[in-house]
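Residue-level structural notes
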Amino acid sequence: MLVFAASRLLRAGLTILFVMTFAFVVLRLSGDPALLIMSVDAPPEAIKAFRHAWGLDQPIWDQYVSYIGHAMVGDFGKSMRDGRSAIQLVLERVPATLAITLPALALKLGIGIPAGIYAALHRNSFADRLTMAVSVAGFTMPSFVLALLLVLVFSVNLGWLPASGADSATNAILPIVTLGAAGAAIMARFTRSAMLEVLGQPYIRAASAKGVAWHRVILRHALPNAAIPTVTIIGFMIGSVVAGAVVVESVFAWPGIGRLLVSAVANRDLAVVQALLMVIAASMVMANFTVDMAYGWLDPRVRRTMVRS
Amino acid sequence: MTDLLEANELTRHYQVRSGRGPFAGKATLRAVDGVSLRIERGRTLGLVGESGCGKSTTGKLVLGLIEPTAGTVRYAGAGMPPINTAAWRTLRRHLQMVYQDPLGALDRRLPIGVQIMEPLAIHGTATPDERGERARTIMDAVGLQAHHFDRYPHELSGGQRQRVVLARALITEPDLLVCDEPISALDVSIQAQVVNLLLDLQDRLGVAYLFISHDLKVVRQVCHDVAVMYLGRIVEQGDAGHLFAEPAHPYTRALVSAIPVPVSKGSPRRERLLLSGDPPSPIDIPLGCAFHTRCPFSTAQCRAETPVLRPHGDGRLVACHRVDEPALRTAA
Amino acid sequence: MALHDTFPTAASSVSSRTTIVRRLRRWPLGVLFAGSWLTLMVVIALGADLLLPYSITAFDLKARLAPPLLFGGTFAHPLGTDELGRDVTSRLMMSIRMSLLIALFGTLIATTLGTLLGFLAAHFRRYVETLILMAIDFQASMPFMIIALAVLAFFGNSLPLFIGLMGFHSWERYARIARGLTLAANEQGYAAAVRQLGAGPGRIYGLHILPNIASTLIVSMTLTFPEIILLESGLSFLGLGVQPPLTSLGNMVGYGREYITRASWIMLAPATVIVLTTLSISLLGDWLRDKLDPTLR
């Protein structure tokens, strides 16, 4: 188990390295960073000073090493817009994002999973068909459309909920529902198909033929086995807890990471974009790692297989 | 008669990890460990042994499908070109293979007639019209009917599919056909038909076979010469009839004694040699004679010294330290 | 039993009819609806130039924010006008063309790139394969929206770049499929057999492997296509995708957002098109997968 954990950690670290390398490469490819970050008509001495300060006159390998070194400690420079430390700007916004994504995650799992299980157990019933129909709407509707529709109904027409801003808790309701609804739909669909796959297995039939009560068959045999593939999806959702609200935050003017990313991209505030990439990659990687560990604990087969490094 | 194919000290080792995780130790899997064979034109050499003894790997080495770690393969006097070069591909006209799973070896989307003609298209040996003609001729020779030409592999029975694979392999009139367990996946009644077909084709076309199998009854019927493999090495080799009548190596004796034969009243009591233990893993081949862990006659010399193939009279080669001792002949 | 013998034709025709009905009942309305909607979309996309009642940039400040037909509007502007008096119908048609075009090219790029890389990984193995697998892992581990945003931040925005970027969405899906199926074919399968016959790589990949994996790839394409539509509309909605004067569905929703209280039709028309189109392709994809899989296995 320890070997498994170690190899997964190594993989996590490599992914973060890869992301940062990607950022470095793309940054260098997209043009002279000095010209990008300072404006084109800055005086040549200022550009030269900038280059020197940032080590851009060094050979590319040295630049890369120093870049990674800075990234490891979270130093991405200052935001172009307000001169504050990029990483600080990013980290400040994380709680706001988590304030909507975590409740949304609870919604996704709390509604999606039971709905999926119920649909699987009562296959082809009305409830099943309804769940499937609604869930299809969940992943064909873009989040911004759902968001705007909810705003149209609940803010504009009914006036119950505020449409934007982050003044009070009621402001959070619509963003949470928007995020949660789409995820719940996907979760329901996926849980249903995982359950159906497991229910079709011979060992389920054997258990019930042995005389085990049906609810125990579900609880002790079907659910744990269906949980295994489901955990992968849940893992991705957990990983997206920091990064998954980009559009929704923009629609609701919610001051989280997503909104920061959009404005940083629009303003080409590259320091902030890089800091964001790092934070998002780190959070996804940590979530994946936790999920991998859970996977290893859930599925005895995984623990025993040879680990490829 | 000149040798068609000569293999010398063929060796194939694989580097594997012997444990779990990225820090596990390395070990060597010795799939084939110094095998030398000669196949003559128009004759059949059988290669027998347990699963995992390296028969299939030897077959692939002989065809040049995998590179040997050491040793050489010479076809018609010339060395085998490296795999996937143009020279290697041209050589495929003369060297072909038949597989254990005929369904897996065929493309499920193409009619079998097209697949039979494919070698001609690949080597550009006939005009498009001629190809159809030759395909039908060879189909007839293997016992397929003309209307099968447009059928798909999954529409045919197992025996018919194996005939398709044979037809495809023989259409370029190769000199050597490596048959890797060609009948293990077929029903027993079909096995007999395919075996007869192979013998018939050898008479008509003069093709040589390397017949790889773990089924001794069939090997006895089909092969002129037989080589017995154990853990990557040949332990005994010789004329098929003589070898099965009077096996010399203890392993061969155990194999032959295991062949079921109906007993009738008055027939002489056959030797029954039972082996103890499980076959060792090819990663962990015992020192000395690889068979000593299961041999009822093993001695200290067997544990220490690896026997080499030595002549045992009458064209037989045996790798055993104690094979010449007459006292062992009647131990059972 | 005897009844069947006495009336063979009636029984068989009834049973064949019920089989067809049973088969159709799986997606009777769904697939028909999806098919007709998509045909409409394609017709509009192809013939937008001919069908446009107005130019997309033609203002008519006197007819600003005119409501659509059944809500107090006129036939002159069946779907209403926006804040500059531009006809919503015309803009919608051009947007459909733009969004479908981007999704189409993006899907084709992703499929070609992914399949090629999958083949390379399976063919060369070792370092090439490890590198490609790492790239696949990387792509699969980050939400593509983030990667897309980062690239847009660094490179700015231009239409060819944007389409290329869309082409990087979900290429890893095709690479995984191509690599997996090729490895299986190579190990013990038909690809190994044909190679042993002396075929060169071109023949093996072109004539044998590709036709065999085509249906799996096509089903994946029906997943990628709507995903790109959603991705592109999301980015355009945020103002980071298709830039004016070009218009796309997401773009229109973005503009319409400000007028959600006064003129919600500006936003609803493109939003409805997005939802119906992605829904149709998903339905079609599901149906296609059901149809292709049994014969494939």
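Here the structure is a predicted model, which means the values were calculated and not measured.

Here we look at the overall build of chain A
For chain A, the count of helices and strands is 14 helices and 0 strands. The secondary structure elements of chain A, listed N-terminal to C-terminal, are α-α-α-α-α-α-α-α-α-α-α-α-α-α. Expressed as lengths along the three principal axes of its C-alpha atoms, the size of chain A is roughly 85 × 60 × 30 Å. Split into buried and exposed, the 309 residues of chain A put 38% on the buried side. When contacts within chain A are restricted to residue pairs at least 6 apart in sequence, those whose partners lie at least 24 apart make up 73%.

Notes on the sheet that holds strand E4 (residues 70-75) of chain B
All names here are of chain B. The strand order across the open sheet formed by 4 strands is E2-E1-E4-E5, and the pairing between neighbours is antiparallel. Across the chains shown, the open sheet's two edge strands, defined by having one partner strand only, are strand E2 (26-40) and strand E5 (78-79). Here E4 pairs with E5 via 2 bridges, running antiparallel. Residue pairing for E5: Arg 74 is matched across the bridge by Gly 79. On the sheet, helix H1 (residues 55-63) packs against strand E1 (3-17), E2 and E4 and is oriented at approximately 125 degrees with respect to E1.

Considering the interface of chain A and chain C
Many descriptions give the size of an interface as the accessible area lost when the pieces come together. Contact with chain A, which involves 36 residues of that partner, is made by 35 residues of chain C. Those elements that provide at least two residues to the side of chain A that touches chain C are helix H1 (2-29), helix H6 (126-140), helix H7 (143-157), helix H10 (214-243), helix H11 (246-251), helix H12 (257-267) and helix H13 (270-298) of chain A. The element best represented in the side of chain A that touches chain C is H13(A), accounting for 7 residues. Of the residues that constitute the side of chain A that touches chain C, the class distribution is 28 nonpolar, 7 polar and 1 charged.

A short note on the interface of chain B and chain C
In this assembly, 16 residues from chain B lie in contact with 13 residues from chain C. For the side of chain B that touches chain C, the secondary structure elements donating two or more residues are helix H3 (102-105) and helix H4 (112-123) of chain B. Taken together, the residues of the side of chain B that touches chain C break down into 7 nonpolar, 2 polar and 7 charged.

Structural notes on the packing of helix H4 (residues 88-124) of chain C against helix H7 (residues 159-167) of chain C
Residue and element names in this part refer to chain C. H7 packs onto H4 with a crossing angle of 50 degrees between their chain directions and a minimal axis gap of 7 Å. Viewed along their axes, H4 and H7 adopt a mutual orientation that is oblique. Of the two elements, H4 crosses H7, and the hand of that crossing is right-handed. Every residue of H7 that contacts H4 at Ile 102, Phe 105, Gly 106, Ile 109, Ala 110 and Leu 113 is listed here: Ile 163, Gly 164, Met 166 and Gly 167. Taken together, the residues of the contact of H4 with H7 sort by class into 7 nonpolar, 3 polar and no charged.

Some points on the packing of H4(C) against helix H10 (residues 201-237) of chain C
All names here are of chain C. Viewed as axis vectors pointing N to C, H4 and H10 meet at an angle of 140 degrees, and their least axial separation amounts to 8 Å. It follows that H4 is oblique to H10 by the angle criterion. The chirality of how H4 crosses H10 is right-handed. Contacts from Ser 99, Ile 102, Ala 103, Gly 106, Thr 107, Ala 110, Thr 111, Thr 115, Phe 119 and His 123 of H4 reach H10 at Pro 201, Tyr 205, Leu 217, Met 221, Thr 224, Phe 225, Ile 228, Ile 229, Glu 232 and Ser 233.

Examining H1(A)
Here H1(A) is 28 residues long and its end C-alpha atoms lie 40 Å apart, about the 40 Å a rise of 1.5 Å per residue gives. Of all the residues in H1(A), the buried ones are A:Phe4, A:Arg8, A:Ala12, A:Thr15, A:Ile16, A:Val19, A:Met20, A:Ala23 and A:Leu27.

A look at the pairing of strand E9 (residues 225-230) of chain B
A regular strand places its side chains on the two faces of the sheet in alternate fashion. Residues and elements named next belong to chain B. By the criterion of burial, E9 is predominantly enclosed, with 6 of the 6 residues buried. Neither face of E9 is open: one carries Asp 225, Ala 227 and Met 229, the other Val 226, Val 228 and Tyr 230, and all of them are buried. Two elements, strand E3 (residues 44-48) and E9, share 4 bridges in a ladder whose sense is parallel. Of the residues in E9, the one forming a bridge with Leu 47 is Ala 227.

Some points on the confidence of the model for chain B
A residue-level look at chain B finds 94% of positions with pLDDT of 70 or above and a mean pLDDT of 85. Quick note on the complex model: pTM equals 0.78, ipTM equals 0.79.

So, the nonpolar core
Ranked by internal contacts, the top residues of the largest apolar core, which has 134 residues, are A:Val90, A:Val272, A:Ala275, A:Leu276, C:Leu149 and C:Ala150. A:Val272 has contacts with A:Ser79, A:Ala86, A:Leu89, A:Val90, A:Leu260 and A:Ala264, leaving out every residue within four places of it along the chain. In terms of nonpolar packing, the next biggest core, distinct from the first, is built from 102 residues, B:Ile39, B:Tyr75, B:Leu176 and B:Phe211 among them.

About the cut-offs
- Each chain has its residues counted from 1, running along the sequence as written.
- Think of it this way: whatever chain is written first is A, whatever ligand is written first is 1, and the rest follow in order.
- Totals for whole chains, interfaces and linings use all residues, but because this is a predicted model, local features are given only for residues with pLDDT of at least 70 and pairs of side-chain atoms are given and counted only at 80 or more.
- Under the DSSP-based scheme used, a helix requires at least four consecutive residues in state H or I and a strand at least two consecutive residues in state E, with every element numbered from the N terminus.
- With C-beta atoms placed from the backbone, a residue is buried if 20 or more other C-beta atoms are within 10 Å of its own, exposed if 12 or fewer are, and partly exposed between those counts.
- Note on contacts: residues are paired as contacts if their backbone-placed C-beta atoms lie within 7 Å.
- Each pair of strands is called paired provided DSSP finds at least two bridges between the two strands.
- Helix axes are fitted to C-alpha atoms over the stretch in contact, other axes to C-alpha atoms as well, and angles between N-to-C directions run from 0 to 180 degrees.
- Under the convention adopted here, Pro, Cys and the residues Ala, Val, Leu, Ile, Met, Phe, Trp and Tyr are nonpolar, Asp, Glu, Lys and Arg are charged, and Gly plus all remaining residues are polar.
- Under this scheme an angle from 65 to 115 degrees is roughly perpendicular, one under 35 degrees roughly parallel, and one over 145 degrees roughly antiparallel; angles in between are oblique.
- Handedness of a crossing is defined here by the sense of rotation of the near helix relative to the far one, left-handed for an anticlockwise turn of less than a right angle and right-handed for a clockwise turn.
- Given a helix with a known number of residues, its expected span is that number minus one, times 1.5 Å.
- Every residue gets a pLDDT, meaning the predictor's confidence in that residue, from 0 to 100.
- What makes a nonpolar core is a set of buried Ala, Val, Leu, Ile, Met, Phe, Trp, Tyr and Cys residues, with links drawn between C-beta atoms within 7 Å.

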